[in-house]
Amino acid sequence: MNNLRLLFKYATKTYKIKKKKATSGGFLGWILTIIILAAIALPMTLMFYEMFKMMAVPVSQFGLSYSGYLADVYMFLFPVTFGLMLILTLVPSIIFNVFESDDLTFLLSLPIKKWEVFVFKASVGLSGGFLPLLMLGISGICYAVALKLNIFLAVFGMLLLLVFIFLFSLTIGAIMTRFISKSTARIASQIFLYVSVIAYVIIMNVLPRQAENMEAIIEGFGSVFSVLEGKHAWLLPFNWGLYAVKGDIRVFGILGFLCIMLIFIVMKISNVTNMANGRSKTKKSYRMEISRYPIVKKEIRLIFRNPQNVFSISYAIIFPVVMAYVNKSAMSGAMFVGIFAAIYAANLALQLIAEEKKIWPMPKLLPIDMGRTLQYKAAIPAMIFTLGYGVVLLFSYFMLNMNPLMFLSIIPMTAVLLYSSLFGLSLFLNDPQRGMTGKTIAFKFKEALMLEFNTMLLAFGIIFPFNMLSEGGLLEVLMGEWWYKLIAIGLPWIIMVIVIFLVKRTFRKINMKVGAWE
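Residues numbered from 1 in each chain as written. Predicted model: local features only at pLDDT ≥ 70, side-chain atom pairs only at ≥ 80, totals over all residues. Heavy atoms only, no water.

Q: Can you tell me about the nonpolar core, naming the residues and giving the values?
A: Grouped together as the largest cluster of nonpolar side chains are 75 residues, with contacts concentrated most on Phe-48 and Phe-52. At 14 residues, helix H3 (residues 72-100) tops the list of elements feeding residues into this core. (Core = buried A, V, L, I, M, F, W, Y, C linked by side-chain atoms within 4.5 Å. Buried < 20%, exposed > 50% of the residue type's maximum accessible area, 1.4 Å probe, protein only. Helix = DSSP H or I, 4+ residues; strand = E, 2+ residues; numbered from the N terminus.)

Q: Describe the side chain of Ser-169, listing the residues and the values that go with them.
A: Note on placement: Ser-169 falls in helix H7 (residues 151-176). Under the relative-accessibility criterion, Ser-169 is labelled buried at 0%. In terms of polar contacts, Ser-169 uses its side chain to reach the backbone carbonyl oxygen of Ile-165, at 2.8 Å. Residue contacts for Ser-169: discarding those within four places in its chain leaves Ile-87, Leu-90, Val-91 and Ile-94. (Polar contact = N/O pair within 3.5 Å; in protein donor to acceptor, adjacent residues only side chain to side chain. Contact = heavy atoms within 4.5 Å.)

Q: Please set out helix H17 (residues 370-400) residue by residue, giving values where relevant.
A: In this model H17 runs 44 Å from its N-terminal to its C-terminal C-alpha over 31 residues, within 8% of the 45 Å that 1.5 Å per residue would give. The positive-phi residue at the C-terminal boundary of H17 is Asn-401, with phi of around 55°. (Expected span 1.5 Å × (residues − 1).)

Q: Residues and numbers for the environment of Val-497, please.
A: Mapped onto the fold, Val-497 is located in helix H21 (residues 482-516). Once the C-alpha coordinates of Val-497 and Ala-415 are considered, the two residues, 82 residues apart in sequence, prove to be 8.8 Å apart.

Q: Tell me what's going on with the confidence of the model for the protein chain, and back it up with residues and numbers.
A: Summarising the model, the protein chain shows a mean pLDDT of 76, and 71% of its residues fall at 70 or more. Taken element by element, the predicted model of the protein chain shows its lowest mean pLDDT in helix H20 (residues 474-478) (53) and its highest in helix H11 (residues 240-245) (89). In the model, residues 14-25 has pLDDT below 50 throughout and makes one contact with residues more than four positions away in sequence or in other chains. Low pLDDT, under 50, characterises residues 278-282; the stretch is placed with seven contacts to residues that sit more than four places away or in other chains. (pLDDT = per-residue confidence, 0-100.)

Q: Describe the packing of aromatic side chains, naming the residues involved and giving the relevant values.
A: For the structure shown, the criterion picks out 15 aromatic pairs. Ring centres of Phe-52 and Tyr-143 lie 5.5 Å apart, and the angle between their planes is 80°; on these two criteria the pair is classed as edge-to-face. In this pair, Phe-52 sits in helix H2 (residues 25-54) while Tyr-143 sits in helix H6 (residues 130-146), placing the two residues 91 residues apart along the sequence. On the numbers, 6.0 Å between centres and 90° between planes, the contact of Phe-76 with Phe-238 is edge-to-face. Placement of Phe-76 in helix H3 and of Phe-238 in the loop between helix H10 (225-228) and H11 is noted, with a sequence separation of 162 residues between them. In this structure Phe-76 comes out as buried when scored by relative accessible area, which is 11%. One aromatic cluster is present, formed by Phe-48, Phe-52, Tyr-74, Phe-78, Phe-82 and Tyr-143 through successive ring pairs. (Phe/Tyr/Trp six-rings, centres within 6.5 Å; stacked < 30°, edge-to-face > 60°.)

Here it is in structure tokens:
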């Protein structure tokens, strides 16, 4: 344990440069982290508490022979779903963090046991399971408070369950290091992290409405109560979360015994794991291919090679679809996808230019016009998010009976997305020597605000008039006041003309800045 404590102390000191003068950056970073955590945890806590309080109704009132409460259904489902999500997120994250570490060779050369290095590096991957861990922990505590259970036993039971899940993930991770490469583990970790984000959005919007219809819950989950209560129900693994929060000593004993057993298993397996190399690489034979559009192919591969970019694209589509479906509003989906697509298009263009920055000035030595390359870096993200915008509109058309006139908004939105990409490149070229965070480049705070304000304003100016046209109908708009006609019919196309002018002007500025980029 002393070695583990030293390793964690080492992790907090690594890569920290001593500064002669104290700055407010670290303090502001902590404040911002607390604000983000509060923004995620507080709404979730209020939602879970109100939901469990609403469902603190004896099931016997509905004619079923169950001595518990209706809230037990969700306290049964949450540990199963969130626990599984947490395991699926942690296992690849553990594998990736173990083998991706730059200092792994150095740590293995120290007089420290291999299992301690493995546990230390695996613990760094805990951040990957942040959302499901938070949802599981908060739901258990809110359940205990709403049903007035012993809060100390509930917290202890939830912590014991979380420790068991972590140790189980460690065991699976130690075993799977022999079969999964670090690149596969990284992609899987990112995918399940994004699934967690999407699950959070769905839960925050769907569950409060679902909890209001108790008869539907009884009808849909009536068969679950027979599993929750019985002579040997406490022995079933998927009941351990519910029984642990209720303070069942028998489940405490099972979880405690399994935790001790898993600790020894992890120590044994990790001591014989080849952490220095991970899974052995197999040689692949590559066939040379000649493409008609090599730059386009290169940019597309660079985009989809980074899981973070895949998340940006999928999130800009899935989140608006969820919001449109939950709110039963095509306007809601179109507005969200319009705003997200405009912001993410600029960020995607920025990540593409980051690839050039890594090998600069090599791109200037190649027989390729840099201006043409930047055109592709702006156009490809714009086209990708234009397709995403069209997908959301198609969903709204088939599922929410959206007016087909809304499809016309794709034309001016394409211009806005192209301008957003170019604007992002222009902001980068204002300071091309800026540092990189990890393997990516981030906008400065002022630049991010400027980009978000411009893109949100332009997207709103296009989508809102088309929504007026879709809801009121063309005839009603034509019979309205002159200003109403101007907004509903003319504003999107006026914005498109202005944006086309801005695109040309921004591209001229980019060409001038590229020439001065040394």
